[in-house]
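Report on the structure
Okay, here's what each chain looks like letter by letter:
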Amino acid sequence: MKSGTWRFLVSFIPLLIYLLYILYSDFSSPKPTTSGCSLLPHQHYWIVSKRIVTPHEIISGAVEINGGSIISLVKEKDWLEKVKNEPVIDYGEAVVMPGLIDVHAHLDDPGRAEWEGFPSGTMAAAAGGITTLIDMPLNSFPSTVSEETLQLKIEAAKGSIFVNVGFWGGLVPENAFNASVLENLLNAGVLGLKSFMCPSGINDFPMTDASHIKEGISVLAKYKRPLLVHAEKVQEIELKDGDDDPRSYSTYLKTRPSSWEEAAIRELLTVSKDTRIGGPAEGAHLHIVHLSDSSSSLELIKEAKSNGDSITVETCPHYLAFTAEDIPDGDTRFKCSPPIRDAPNRQKLWEALMDGDIDMLSSDHSPSVPELKLFTEGDFLRAWGGISSLQFVLPVTWSYGLKYGVTLEKLVSWWSEKPAKLASQDLKGAIEIGKHADIVVWEPEKEFDLDENHTVHLKHPSISAYMGSRLTGRVVATFVNGNLVFEDGKHTPDACGTTILA
Ligand SMILES: *[C@@H]1O[C@H](CO)[C@@H](O)[C@H](O)[C@H]1NC(C)=O
Ligand SMILES: *[C@@H]1O[C@H](CO)[C@@H](O)[C@H](O)[C@H]1NC(C)=O
Ligand SMILES: [Zn+2]
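Below or above, wherever it landed, is the structure these notes cover. All values reported here derive from a predicted model rather than from experimental measurement. (Residues numbered from 1 in each chain as written. Chains lettered and ligands numbered in written order. Predicted model: local features only at pLDDT ≥ 70, side-chain atom pairs only at ≥ 80, totals over all residues. Heavy atoms only, no water.)

1. Observations concerning the state of the cysteines
Applying the stated criterion across every chain yields a total of one disulfide. The disulfide that involves Cys37 links it to Cys496, with 2.0 Å between the sulfurs. A torsion of -75° about the S-S bond marks the disulfide between Cys37 and Cys496 as left-handed. With Cys37 in the loop between α2 (13–28) and β1 (44–53) and Cys496 in the loop between β18 (490–491) and β19 (499–500), this pair connects stretches of sequence that are 459 residues apart. Taking the relative accessible area as the measure of exposure, Cys496 reaches 25% and is therefore partly exposed. Free cysteine: Cys336, not disulfide-bonded; nearest cysteine sulfur from Cys316 at 7.9 Å. By relative accessible area, which is 3% here, Cys336 ends up buried. (Disulfide = S-S within 2.5 Å. Helix = DSSP H or I, 4+ residues; strand = E, 2+ residues; numbered from the N terminus. Buried < 20%, exposed > 50% of the residue type's maximum accessible area, 1.4 Å probe, protein only.)

2. Considerations on the coordination of the zinc ion (ligand 3)
The protein atoms donating to the zinc ion (ligand 3) are His104 (NE2), His106 (NE2) and Asp364 (OD), with metal-donor distances spanning 2.1 to 2.2 Å. When the donors of the zinc ion (ligand 3) are listed by position in the chain, the intervening gaps give H-x1-H-x257-D. Residue His104 is classed as buried on the basis of its relative accessible area, which comes to 0%. Residue classification places His106 among the buried residues on the basis of a relative accessible area of 4%. (Donors = N, O, S within 2.8 Å, 3.2 Å for Na, K, Ca; no water.)

3. What to know about unusual backbone geometry
Cis geometry marks the peptide bond from Phe141 to Pro142; its omega dihedral reads 0°. Checked against the element boundaries, Pro142 lands in the loop between β7 (130–135) and α5 (147–157). Of the consecutive residues Ser337 and Pro338, the connecting peptide bond is found in the cis state with omega at -5°. Here Pro338 is to be found in the loop between α12 (317–321) and α13 (343–355). The backbone phi angle of His290 is positive, close to 30°, even though this residue is not glycine. Relative to the elements of secondary structure, His290 occurs in the loop between β12 (285–288) and α11 (296–306). For His290, a relative accessible area of 2% translates into the label buried. In this structure, Asp488 is a non-glycine residue whose phi angle is positive, near 45°. Taking relative accessible area as the criterion, Asp488 reaches 52% and is therefore assigned exposed.

4. What to know about the side chain of Thr472
As for its position among the elements, Thr472 is in strand β16 (residues 470–480). In contact with Thr472, other than residues within four places in its own chain, are Pro395, Trp398, Ser399, Pro444, Glu445, Lys446 and Glu447. (Contact = heavy atoms within 4.5 Å.)

5. What about the site of ligand 2?
All residues adjacent to ligand 2 are Asp451, Glu452 and Asn453. Interatomic distance of 2.8 Å between a side-chain N/O atom of Glu452 and a nitrogen atom of ligand 2. One nitrogen or oxygen atom from the side chain of Asn453 is found 2.3 Å from an oxygen atom belonging to ligand 2. About the coverage of ligand 2: the protein hides 29% of its 360 Å² of free accessible area. (Near = heavy atom within 4 Å. Polar contact = N/O pair within 3.5 Å; in protein donor to acceptor, adjacent residues only side chain to side chain. Areas by Shrake-Rupley, 256 points an atom, 1.4 Å probe, with all protein chains shown as cover.)

6. Looking at the environment of Asp364
If you trace the backbone, Asp364 turns up in the loop between β14 (360–361) and α14 (370–373). Contacts of Asp364, omitting those with residues within four sequence positions, involve His104, His106, His290, Cys316, His318 and Ile387. Separated by 3.2 Å, the side chains of Asp364 and His106 make a polar contact.

7. A few points about the pairing of strand β5 (residues 95–98)
Relative to β5, β1 is paired through two bridges, and the arrangement is parallel. Looking at the pairing, Arg51 lines up with Val95 of β5. (Pairing = 2+ DSSP bridges.)

So, to be careful, I would describe these as geometric facts and stop short of saying anything about function.
Written out as structure tokens, the structure is:
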């Protein structure tokens, strides 16, 4: 070949690299706007605000978004020069923050979509500033305990989710000792596994003990994914005379004392040491869901952390907002497990959260039909357990946290940064160059009443214990993958959230 021909061919190399880059970036970044997916007609634009919460500081400035990702971040004095022909959305004093990542929600789809379902659940999430949620493997039917049952979830989510949705798989006795079933489930894309140390209330999701958990984390270690554990273990309880009024919340509380949480965590710690560096399950991680007991249970978790176990813990807004003393007789909207405990317990939960001993928050949104939740003549023992909260977790955390010194930075840590880490979502959870444009815009000073005139997108607003409250913090707009999916009470026509598979 003549050298001229060579030079001619070589001159195409930059073009080739460019084409490969385009091809690669097309696969690696979220899909940008198509008409029904965003309330904005642009994919390249700037969001301007006086309060943008970035990982290191709160700035007054602008976030540049293109193709679903954050491509630049500038402070006030710079952005006027940089913004040339691109559209600008100026949110003024409203806070611009990473969207919330809810690592614990039950959307009950497929199989029990009449309890919630992907469409209403993710519309409520978007209206509440949640841009990603990880769906639990139970309460839908069948439970997500195999590759085949995960496919049913993925199918059900297709075209019906307004935010990003990932999935946890179930660790149950049936699959715990069968590594190939677990590996197929993990290979099919669940972000980790979840198990119960007490009966779950769902027939096809039986409970596990430490021996199942030990097996599960040895498989998870290879995948570097977490096991989430519902840590309550049934203990003998002694009810005294007069403790038998099923309409009284204290009766229910006595049936699930904090010793149940403590016993489960004590058992869990016999295997959590496997996750230490050099241990047989190094790479796996244990995450205790919805901690309610802020005394002995929390001390055990702190001890495990200090010993080097790879372990984290979440609590939920309902344990931070409500107290057992204030739950009216017969008001079964407040039933959940573990139960909401007394006021001193709540005080210590807040302290542990502020100190970082509790790592993060999740909704544990766990609805049902009103027939199961409300129509039990106020009987706490018969009512379905679970708090319906998905749309309200941001204003609830903020409103109840104000007296404990909550800050915007803390909210971001509990609701975005730490959850992103748990779910291995490196490109989410922060307003930073290169991250996905998953953003909530909200007004922390704005109060509102959660009454009949407030639009609730959840399927069954009446079952939520928050109805009737006055809250502080109104969500103005929510961006998912750069698409404006919710603004001023309005959603996009199409459901363009993506399923997140590992
Ligand atoms: C694991 O489960 C698969 C699928 O149900 C089954 O075919 C296989 O025999 C099981 N293996 C063991 C060791 O139980
Ligand atoms: C809801 O709005 C209607 C119409 O404006 C009003 O009559 C009603 O009192 C409002 N309800 C509450 C609880 O404020
Ligand atoms: Zn749950």
